[in-house]
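Understanding the architecture of this molecule
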Amino acid sequence: MNIYFCNIDLPRNFTGIEVATINRANQFVECLNIIPTILTVKYNHQLNERREELYKSGKLNSLVKILNMYEYFQEADDNNINFNVQPQSEINDFSNIVYKKVVGTENFKVFNKDGDFLFYYVCDDKGNLSHINYFKNKIVVKRDYYNSNKILSKTQIINEHSQKIEKEIYYNKSGKVCMTCDYNNEQGFSIMNNIYLYNSIGLAQAHFNTEDDLIAYWIDKLIEGEETSSIFVLDRIASYINPLKNTKSKNIKKVAVLHSSHIRGGKDVMKSPINPSMKPLFVDINSVDRIVTLTDTQRQHLILRFGNESKYVTIPHALKKMSDIITFRKRKKNKLIYVARLAPEKRHFDAINIISKVKEEIPDVELHLFGNGIEKKKIQQLIETKGLQKNIILRGHIENLEEEYLDSQIAILTSHIEGFSLFLLESLAHGCPIISYNIDYGPADLIDNEKNGYLVPFANSELFAQYIVNLLSNEILAAEYSYNSYLKSLNFSKENVMKKWKELINSLNLEEKMRC
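Residues numbered from 1 in each chain as written. Predicted model: local features only at pLDDT ≥ 70, side-chain atom pairs only at ≥ 80, totals over all residues. Heavy atoms only, no water.

**Some remarks on helix H13 (residues 461–472)**
Taking 1.5 Å per residue as the helical rise, H13 with its 12 residues ought to reach 16 Å, and the 17 Å between its terminal C-alpha atoms agrees with that figure. Regarding H13, the residues found buried are Ser 461, Phe 464, Ala 465, Tyr 467, Ile 468, Val 469, Leu 471 and Leu 472. The inward-facing, buried residues of H13 contact strand S18 (335–339), helix H8 (348–359), strand S21 (410–413), strand S22 (434–437), strand S23 (453–456) and helix H14 (475–489). (Helix = DSSP H or I, 4+ residues; strand = E, 2+ residues; numbered from the N terminus. Expected span 1.5 Å × (residues − 1). Buried < 20%, exposed > 50% of the residue type's maximum accessible area, 1.4 Å probe, protein only. Contact = heavy atoms within 4.5 Å.)

**A closer look at helix H4 (residues 211–223)**
Look at H4: 19 Å from first C-alpha to last across 13 residues, which is about the 18 Å you get at 1.5 Å a residue. If you check which residues of H4 are buried, you get Leu 214, Ile 215, Ala 216, Trp 218, Ile 219, Asp 220, Leu 222 and Ile 223. Just beyond H4, the residue with positive phi is Gly 225, at close to 90°.

**Observations concerning the pairing of S21**
On S21, burial covers both faces: Ile 410 and Ile 412 on one face and Ala 411 and Leu 413 on the other are all buried. In this sheet, S22 lies alongside S21 in parallel orientation, the contact comprising 3 bridges. Its bridge partner being in S22, Ala 411 is matched across the sheet by Ile 434. (Pairing = 2+ DSSP bridges.)

**A few points about the packing of H8 against helix H9 (residues 376–385)**
Their axes nearest at 10 Å, the elements H8 and H9 cross at an angle of 15°. Judged by the angle between their axes, H8 and H9 are roughly parallel. Where H8 crosses over H9, the handedness of that crossing is right-handed. Of the residues in H9, those touching H8 at His 348, Phe 349 and Ile 352 are Lys 378, Ile 379, Leu 382 and Ile 383. When grouped by side-chain class, the residues that make up the contact of H8 with H9 number 5 nonpolar, 1 polar and 1 charged. (Axes fitted to C-alpha atoms, helices over the stretch in contact; angles between N-to-C directions. Parallel < 35°, antiparallel > 145°, perpendicular 65-115°, else oblique. Left-handed = near helix turned anticlockwise from the far one by under 90°. Nonpolar A, V, L, I, M, F, W, Y, C, P; charged D, E, K, R; others polar.)

**With respect to the nonpolar core**
One finds Leu 336, Tyr 338, Leu 367, Ile 412, Ile 435 and Ile 468 to be the most contacted residues of the largest nonpolar core, which totals 54 residues. Looking at this core, the element that brings in the most residues is H13, giving 7 residues. Contacts of Tyr 338, omitting those with residues within four sequence positions, involve Lys 346, His 348, Ala 351, Leu 367, His 368, Leu 369, Phe 370, Ile 412, Leu 413, Thr 414, Ser 415 and Phe 423. Judged by nonpolar contacts, the second largest core, of 45 residues, contains Tyr 4, Ile 285, Val 288 and Ile 291. (Core = buried A, V, L, I, M, F, W, Y, C linked by side-chain atoms within 4.5 Å.)

**A few points about the sheet that holds S21**
Strand order in the open sheet formed by 6 strands is S20-S19-S18-S21-S22-S23, with parallel pairing between adjacent strands. In the strand order of this sheet, the two ends are held by strand S20 (392–396) and S23, each with one partner. The sheet shows a mean angle of 20° between the axes of neighbouring strands, direction not considered. Contacts from H13 reach S18, S21, S22 and S23 within the one sheet, and its direction differs from that of S22 by about 175°.

**Notes on the pattern of salt bridges**
Summed over all chains, the structure comprises 27 salt bridges. Among the ionic pairs, Glu 71 bridges to Arg 51, the shortest N-O distance being 2.6 Å. Highlighted residues: Glu 71 in helix H3 (residues 69–73) and Arg 51 in helix H2 (residues 47–57), separated in sequence by 20 residues. Beyond isolated ion pairs, a larger network of salt bridges with shared partners links Arg 12, Glu 49, Arg 50 and Glu 53. (Salt bridge = Lys/Arg side-chain N within 4 Å of Asp/Glu carboxyl O.)

**Quick word on the sheet that holds strand S10 (residues 165–171)**
Strand pairing in a sheet takes place through backbone hydrogen bonds and is either antiparallel or parallel in direction. Taken in spatial order, the 10 strands make up an open sheet running S4-S5-S6-S7-S8-S9-S10-S11-S12-S13, and their pairing is antiparallel. Only two strands of the sheet have a single neighbouring strand rather than two, namely strand S4 (98–101) and strand S13 (204–210). The average undirected angle you get between the axes of adjacent strands in this sheet is 15°. Bridge count between strand S6 (residues 117–123) and strand S7 (residues 129–136): 5 bridges; the pairing is antiparallel. Note on S7: the bridge partner recorded for Tyr 121 is Ile 132.

**Section: the environment of Ile 38**
Relative to the helices and strands, Ile 38 is located in strand S2 (residues 37–40). When the C-alpha positions of Ile 38 and Tyr 4 are compared, they lie 5.7 Å apart, and in sequence the two are 34 residues distant. With near-sequence residues (within four places) excluded, Ile 38 lies in contact with Phe 5, Leu 10, Thr 21, Ile 22, Ala 25, Leu 60, Val 64, Lys 65, Ile 66 and Leu 67.

**Observations regarding the confidence of the model for the protein**
Across the protein, pLDDT averages 92, with 95% of residues at or above 70. Note that pLDDT drops below 50 for residues 79–92; the model gives that stretch 31 contacts with residues more than four away or on any other chain. (pLDDT = per-residue confidence, 0-100.)

**Let's talk about the environment of Phe 306**
Structurally, Phe 306 is set in helix H7 (residues 296–306). Separated by 36 residues in sequence, Phe 306 and Met 270 have C-alpha atoms that sit 8.9 Å apart.

**A few points about the state of the cysteines**
By the definition in use, this model includes 0 disulfides. For the unlinked cysteine Cys 178, the closest cysteine sulfur is that of Cys 181, found at 11 Å. (Disulfide = S-S within 2.5 Å.)

**Brief notes about the packing of aromatic side chains**
Given two aromatic rings, one states the distance between the centres and the angle between the planes to describe the pair. A complete count under the given rule lists 24 aromatic pairs for this structure. Ring centres of Phe 282 and Phe 306 lie 4.7 Å apart, and the angle between their planes is 20°; on these two criteria the pair is classed as stacked. Of this pair, Phe 282 sits in helix H6 (residues 279–282) while Phe 306 is found in helix H7, placing the two residues 24 residues apart along the sequence. Look at Phe 306 and you get partly exposed, because its relative accessible area is 25%. Counting every residue linked through ring pairs, the aromatic cluster contains Tyr 43, Tyr 70, Tyr 145 and Tyr 170. Just above the ring of Phe 5 sits the side chain of Arg 24; from NZ or CZ to the centre is 4.6 Å. When the ring centre of Phe 117 is taken as origin, the NZ or CZ atom of Lys 109, which lies over that ring, is 5.6 Å away. (Phe/Tyr/Trp six-rings, centres within 6.5 Å; stacked < 30°, edge-to-face > 60°. Lys NZ or Arg CZ within 6 Å of the ring centre and 35° of its normal.)

Shown next as structure tokens:
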């Protein structure tokens, strides 16, 4: 039985979903001796380079393949493709061309002898060409993307008036057109349609009305000839749920994983609107064989609202490794940690206001904020307005936070909503007591109140600050909570979590045998 983890992309800056996918893939290999395949459906002209980085760094087991839909149709999906076609230039006469380097970047602009702006070359920080923007009367009208082998991979035709993409042309490893598509921009956002695939001699061999149809066709090609059922684990539900409904193969088992709350805009688990990214699933929950929740609380809420109890199974995220226990005194006194995107739902303003209250009793308290996001400037401004520059430090994105966890006395979370929170799980694993708003979902499954941390009623900043002061002022209690955090983390060892995945796979196999 082949197992596919269904994602959108593997960008350099992972979200929690990509992290969870990569971790699970490694743990399937290590604990279950099962080698899954990761699928992505977003065009990424630098995926081959990214794939190599993941393997070389050890972040992803090299046995795990990453297959991308666009690479498949471009005949570049063998993970180690060597291109023989050399890049071509639209410039015939270089004598009248002027290059100007863009200060502070590896990019440069190209002008003709009359000073007309022709091209803008965009390069990565290593100087490798990413894409070229072509200008007409100072307006972008075309864009060429180059892959990590410096070969033309995709061309975008851009409407000079609306600046919306009108058409895309994709090239195979021989430089021939292998796919084209149009875009409908009438509703304010771009929708791919009128998609054609071409054979080696340039003849159209397939046509699709939507990207969902294209994905379904690709999936059918991937599993063509497989004799046993394939299990598709949907980490990105919205991108795969409809294509999987439309595949020709019926030899498929589908498992949807809920990485976040299934509701938006309210606390009423029975009536609050469904999270838009999950609507396609809950329109017809029978379109999948199982729905995996990360917490049992969410599972119970789903049963209350939708029934069908046997459809749901709880499997939390697993820890990559268990941390060694260190004595609490080795941690930096009065240091707190919060790891999250700098986004509105993470409510960093609450954290700032809480630290402002804590500072009144513990002047040298330090909160280290890790992460980047759209709220960075607003957060920095509020820190400065409240005079907390020495108490709250914006650290940005750091790849390896192990030393930071081990150096912190408390982890805090002021988020409005979560799916599970890998940050809290890592905090437990490193013996860091947690203080968090008691929100759906995750904190109540990770925090045993007044044993390894505190659950605070949502938005009660006064009580939140009081709990921080209590722990920072009582090292014996904090050390006890730290030890209990280590113990709690054992429930989330990769061995324990992978047993749950094994049970799920076995149950799906049994159902398939009974069906046959």
